[in-house]
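# Secondary and tertiary structure notes
What follows is each chain in one-letter form.
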Amino acid sequence: DQQVKQNSPSLSVQEGRISILNCDYTNSMFDYFLWYKKYPAEGPTFLISISSIKDKNEDGRFTVFLNKSAKHLSLHIVPSQPGDSAVYFCAASEVGGANNLFFGTGTRLTVIP
Amino acid sequence: GAGVSQSPRYKVAKRGQDVALRCDPISGHVSLFWYQQALGQGPEFLTYFQNEAQLDKSGLPSDRFFAERPEGSVSTLKIQRTQQEDSAVYLCASSDGQGGSNQPQHFGDGTRLSIL
């Protein structure tokens, strides 16, 4: 059973506009959330994370928002650039666990020049 | 190198053969993880090491899968008597935190295993 869900397989955005990628989870024991970016034939690259004690974390053009009551998080990329075109994975780990990550199925972002 | 290194990048084997996949984590990283990624899916957890101790192997799909990290650095994932359903990308990740420390994991580029 998928505990982390990314319901949009793909997203297209014009260069310079905002990209919003969404993620939902079902496990209330998750307390740490991450976004990874993946190019073809490469491993996932860590982008940004957020702990459950926060509702927002920002790093440059990337901001992650966490809504614990809705079990929802989102990644905002502003402004979007063609180099951002990749597959984005949402991941989560459990309180007191080994930090093994549960991943969503990914969203393919295409930024159109 | 500075990142996680995996070898080989690609491995083709006949059904029934044994394979061994290697992972060199980031130097000094205590935690090491193996994941399996099927086409069109996200990575799925296989096993976790803290230094040389294998603390969680709950994700290994069968007893044909075996992992070790004898000196707390390099790790090997071995698959015996390979089956076609073992075809996937095998990813290794490391982090410098111990379990529960909420440190990001850093991934290698994976080994793409194809079983004929």
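Everything below is about the structure printed above this text.
Here goes a summary of the coordinates provided. This is a predicted model, so every value here is computed, not measured. (Residues numbered from 1 in each chain as written. Chains lettered and ligands numbered in written order. Predicted model: local features only at pLDDT ≥ 70, side-chain atom pairs only at ≥ 80, totals over all residues. Heavy atoms only, no water.)

## Here's the deal with the pairing of strand β11 (residues 107-112) of chain A
Where a strand is regular, its side chains alternate between the two sheet faces. Residues and elements named next belong to chain A. Only one face of β11 is buried, namely the one carrying T107, L109 and V111, since none of R108, T110 and I112 on the opposite face is buried. Sheet analysis places strand β2 (residues 10-14) next to β11, joined by 5 bridges and oriented parallel. Paired with V13 across the two strands is V111, which belongs to β11. Where strand β9 (residues 86-94) and β11 come together, 3 bridges link them in antiparallel fashion. Bridging across to β11, Y88 finds its partner in T107. (Buried < 20%, exposed > 50% of the residue type's maximum accessible area, 1.4 Å probe, protein only. Helix = DSSP H or I, 4+ residues; strand = E, 2+ residues; numbered from the N terminus. Pairing = 2+ DSSP bridges.)

## Digging into the sheet that holds strand β1 (residues 4-5) of chain A
Residue and element names in this part refer to chain A. Pairing is antiparallel across the open sheet formed by 5 strands, whose spatial order is β1-β3-β8-β7-β6. At either end of the open sheet lies a strand with only one pairing partner, and these are β1 and β6 (56-59). Two elements, β1 and strand β3 (residues 19-25), share 2 bridges in a ladder whose sense is antiparallel. Note that in β3 the partner of V4 across the bridge is Y25.

## Re the sheet that holds strand β1 (residues 5-7) of chain B
Residue and element names in this part refer to chain B. A sheet is described by the order of its strands in space; here 4 strands give the open sequence β1-β3-β8-β7, paired in antiparallel fashion. At either margin of the open sheet sits one strand with a lone partner, and together these are β1 and β7 (65-68). This sheet shows a mean twist of 15 degrees between the axes of neighbouring strands, independent of strand direction. Bridge count for β7 against strand β8 (residues 75-79) is 4 bridges, and the pairing is antiparallel. Of the residues in β8, the one forming a bridge with F66 is K78. (Axes fitted to C-alpha atoms, helices over the stretch in contact; angles between N-to-C directions.)

## Quick look at the packing of aromatic side chains
What characterises a pair of aromatic rings is the spacing of the ring centres plus the angle enclosed by the ring planes. Per the stated rule, a full pass over the model turns up 15 aromatic pairs over all chains. Here Y35 of chain B and F45 of chain B contribute two aromatic rings whose centre-to-centre distance is 6.1 Å and whose plane-to-plane angle is 75 degrees, an arrangement assigned as edge-to-face. With a gap of 10 residues between them, Y35 of chain B in strand β4 (residues 31-37) and F45 of chain B in strand β5 (residues 44-50) connect regions that are remote in the sequence. Taken as a pair, Y35 of chain B and F45 of chain B share a single burial class, namely buried. With centroids separated by 5.4 Å and ring planes inclined at 45 degrees, the aromatic side chains of Y35 of chain B and F107 of chain B adopt a geometry described as tilted. With Y35 of chain B in strand β4 and F107 of chain B in strand β10 (residues 106-107), this pair connects stretches of sequence that are 72 residues apart. Here Y35 of chain B and F107 of chain B have matching classes, each one buried. Through a chain of ring-to-ring contacts, three or more aromatic side chains come together here, namely Y36, F46, F89 and F103 of chain A together with F33, Y35, F45, Y48 and F107 of chain B. (Phe/Tyr/Trp six-rings, centres within 6.5 Å; stacked < 30°, edge-to-face > 60°.)

## Quick look at the interface of chain B and chain A
Listed by partner, the interface residues are 25 residues for chain B and 20 residues for chain A. Taking both sides of the interface into account, the surface hidden between chain B and chain A amounts to around 1,700 Å²; carbon and sulfur atoms contribute 53%. Looking at the side of chain B facing chain A, the largest losses of area belong to P43, N102 and F107 of chain B, adding up to 29% of the total buried there. Where chain B packs against chain A, one counts 0 salt bridges. In this assembly, chain B and chain A are joined by 4 residue pairs in polar contact (both at pLDDT 80 or more). Secondary-structure elements contributing two or more residues to the side of chain B that touches chain A are β4, β5 and β10 of chain B. Element by element, the count of residues in the side of chain B that touches chain A is highest for β4 of chain B, at 3 residues. Split into classes, the residues belonging to the side of chain B that touches chain A amount to 9 nonpolar, 13 polar and 3 charged. (Contact = heavy atoms within 4.5 Å. Buried area = accessible area lost by both parts, 1.4 Å probe. Salt bridge = Lys/Arg side-chain N within 4 Å of Asp/Glu carboxyl O. Polar contact = N/O pair within 3.5 Å; in protein donor to acceptor, adjacent residues only side chain to side chain. Nonpolar A, V, L, I, M, F, W, Y, C, P; charged D, E, K, R; others polar.)

## Section: the nonpolar core
Counting residues in each nonpolar core, the largest one holds 23 residues, and the members touching the most others are F33, W35, L73, L75 and Y88 of chain A. Of all elements in the fold, only β3, β4 (30-38), β5 (45-51), β7 (62-67), β8 (72-77), β9 and β11 of chain A reach the threshold of two or more residues within this core. If one sorts the elements of this core by residue count, β9 of chain A sits on top with 4 residues. Setting aside anything within four residues of it in sequence, one finds Y88 of chain A in contact with Q6, L21, W35, Y36, K37, L47, L75, I77, G106, T107 and L109 of chain A. If you look at the next biggest cluster of nonpolar residues, it comprises 20 residues, including A13, W34, F49 and I115 of chain B. (Core = buried A, V, L, I, M, F, W, Y, C linked by side-chain atoms within 4.5 Å.)

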